[in-house]
Amino acid sequence: MHDIRAIRENPELYQKHWDAKGMSGGETVARIVDLDARVRAAQTALQSAQAERNDSSKKIGQAKAQKDEAEATRLMAHVETLKKTLEEQAELERSAAEELRGILAALPNIPAADVPPGADENDNVETRRWGEPRAIAEPKDHVDLGEAMGLLDFEAAARMSGSRFVVLKGQLARLERAIAQYMLDLQTSEHGYLEVSPPLLVRDDAAFGTGQLPKFAEDLFRTTDGRWLIPTAEVSLTNLVREQITPQEELPLRLTALTPCFRSEAGASGRDTRGMIRQHQFSKVELVSITTPDESDAEHERMTGCAEEVLKRLGLPFRTMLLCAGDMGFSARKTYDLEVWIPSEGRYREISSCSNCGDFQARRMDARTKAAGEKGTRFVHTLNGSGLAVGRTLVAVLENYQDEGGKIAIPDVLQPYMGGLSHIG
């Protein structure tokens, strides 16, 4: 959610960024400014009418005390007229404020000053790269590798659930669990994140708080009682501070969770239909930080480094991309994507997205902080990142660690989680 005062004071800034997203920024800002003016005008008229009504009511008593019935009657008629004015102005304020809130709720965050301009992924900027892809003669994709071992079954999943689901078996199921457990242990034991086991179902206001609603309802799964299955643990973890004033001395809060995630992939028709890259259900280790405004930029770099460290220890080549303004998510003001090397495709694919949302989500959740001894509060800054998506990490391990015979070497750091096993297949 946006600060209406900031838009009022610097409309050109918002117009420029929303124009860059193809959203008719000029018309949007003009409508916001007009509605804001109507709300404030109605509020002023209300206050004036209320003061006049109170004054007239007082004068009615005085007129009656002086037995001036004519004046009392005139004043009472005037109070009745003011009552109608109050009702009209209250309705004008309500309707204008409701429309204004609706517009603001549907508008994305604006990018930070150091975010590069651009329209889509072609304008993203590579900031660094780690590791060299192994030379693999005619690399197989993870589908062929897993099905050849009899441990990956898309047909069985389709019979019971439809497309974009998978069944993992035996050592492959254990490898997925090992990856998830290793990532969670690394983030909690070395990077200082607090493990949380949050709800997987949330209400409307929680999904609204992190920006999934109202714009992205079609990307979510909804239950018959009106709750939403989380598309990422970011929703549950970030909402832990909703409607709270967190003491500044307790910040930053660093939270992590390993959860299933559920996405309808409504906008992904025809994309990544083969394999595990884009699923309706997948596991992910999520990272969330709650910070003060002055610490959020440094926390963003730190969080990205925590996600990168997983890939380094797994020995998976990757690159870090700074997203351009047009490719960022709805709530983000700055985002780094980590892209891992996928041998069968001969390219890097996204495996983590680490975003600083500034106070955008905090305003939607009314999440604030307060320093000891200070009277005022301020909105916190929220950050989130994947540390990492488990299914895509499994894909990367299978493909990068394959040999010519179809066996999969298990990365050293995962072998203790696999009972000492060094290979699959």
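As the structure is a prediction and not an experimental result, all values here were calculated from the model.

So, how was this worked out
- Residues numbered from 1 in each chain as written.
- Predicted model: local features only at pLDDT ≥ 70, side-chain atom pairs only at ≥ 80, totals over all residues.
- Heavy atoms only, no water.
- Helix = DSSP H or I, 4+ residues; strand = E, 2+ residues; numbered from the N terminus.
- Rg over C-alpha atoms; globule rule 2.2 N^0.38 Å.
- Contact = heavy atoms within 4.5 Å.
- Areas by Shrake-Rupley, 256 points an atom, 1.4 Å probe, with all protein chains shown as cover.
- UniProt positions renumbered as here; feature names shortened; annotations may be inferred.
- Buried < 20%, exposed > 50% of the residue type's maximum accessible area, 1.4 Å probe, protein only.
- Axes fitted to C-alpha atoms, helices over the stretch in contact; angles between N-to-C directions.
- Parallel < 35°, antiparallel > 145°, perpendicular 65-115°, else oblique.
- Left-handed = near helix turned anticlockwise from the far one by under 90°.
- Nonpolar A, V, L, I, M, F, W, Y, C, P; charged D, E, K, R; others polar.
- Salt bridge = Lys/Arg side-chain N within 4 Å of Asp/Glu carboxyl O.
- Phe/Tyr/Trp six-rings, centres within 6.5 Å; stacked < 30°, edge-to-face > 60°.
- Lys NZ or Arg CZ within 6 Å of the ring centre and 35° of its normal.
- Pairing = 2+ DSSP bridges.

A. Quick look at the overall build of the protein chain. Along the protein chain, the regular secondary structure elements total 12 helices and 18 strands. Radius of gyration (C-alpha) of the protein chain: 28 Å, far over the 22 Å computed for a compact globule of 425 residues. Its C-alpha atoms give the protein chain principal-axis dimensions of roughly 110 × 50 × 40 Å. Long-range pairs, those at least 24 residues apart, make up 72% of the contacts in the protein chain with a sequence separation of at least 6. Here the protein chain displays about 20100 Å² of accessible surface, and carbon together with sulfur accounts for 48% of that area.

B. Region of the structure containing the UniProt feature "binding site: L-serine" (unreviewed entry) in the protein chain. Sequence positions flagged by UniProt for "binding site: L-serine" (unreviewed entry) are, in local numbering, Thr232, Ala233, Glu234, Arg263, Glu286, Asn384 and Ser386. Along the chain, the position of Arg263 falls in the loop between strand S9 (253-262) and strand S10 (281-291). The class of Arg263 is partly exposed, set by a relative accessible area of 29%. Non-local contacts of Arg263, meaning those with residues more than four positions away in its chain, are made with Asp219, Phe221, Pro231, Thr232, Gln279, His280, Phe282 and Lys284. Here Ser386 shows up in strand S16 (residues 381-389).

C. Local environment of the packing of helix H3 (residues 25-65) against helix H4 (residues 69-106). At a minimum axis distance of 8 Å, the contact between H3 and H4 shows a crossing angle of 160 degrees. Judged by the angle between their axes, H3 and H4 are roughly antiparallel. For H3 against H4, the interelement crossing comes out left-handed. In the contact of H3 with H4, the residues fall into 22 nonpolar, 7 polar and 10 charged.

D. Main features of the pattern of salt bridges. Taken as a whole and assessed by the stated rule, the structure comprises 33 salt bridges. A salt bridge links Glu190 to Arg313; its shortest N-O distance comes to 2.7 Å. One end of the pair, Glu190, is in the loop between helix H7 (170-189) and strand S4 (194-195); the other, Arg313, is in helix H10 (residues 296-314), and 123 residues separate them in sequence. Assessed through its relative accessible area of 46%, Glu190 is described here as partly exposed. The structure contains a network of salt bridges with shared partners spanning Asp3, Arg5, Asp359 and Arg363.

E. Examining the packing of aromatic side chains more closely. One pass over the structure, following the stated rule, counts 6 aromatic pairs. Centre to centre, the rings of Phe216 and Phe330 are 5.5 Å apart; their planes meet at 80 degrees, and the pair counts as edge-to-face. With a gap of 114 residues between them, Phe216 in the loop between helix H8 (204-209) and strand S6 (221-222) and Phe330 in the loop between strand S11 (318-322) and strand S12 (334-342) connect regions that are remote in the sequence. Judged by its relative accessible area of 10%, Phe330 falls in the buried class. Linked through ring pairs, Phe216, Phe330 and Phe360 together constitute an aromatic cluster. Positioned above the aromatic ring of Tyr336, the side-chain terminus of Arg128 is 5.7 Å from the ring centre. Positioned over the ring face of Phe208 is Arg364, at 4.0 Å from the centre of the ring.

F. Fine view of the sheet that holds strand S7 (residues 228-229). Here 3 strands make up an open sheet; going across it, the order is S5-S7-S6 and the pairing antiparallel. Each edge of the sheet is formed by a strand with only one pairing partner; in this case those strands are strand S5 (201-202) and S6. Bridge analysis of S5 against S7 gives 2 bridges, and the strand direction is antiparallel. Residue pairing for S7: Val202 is matched across the bridge by Trp228.

G. Examining the environment of Ala96 more closely. Residue placement: Ala96 occurs in helix H4. Residue Ala96 is classed as buried on the basis of its relative accessible area, which comes to 1%.

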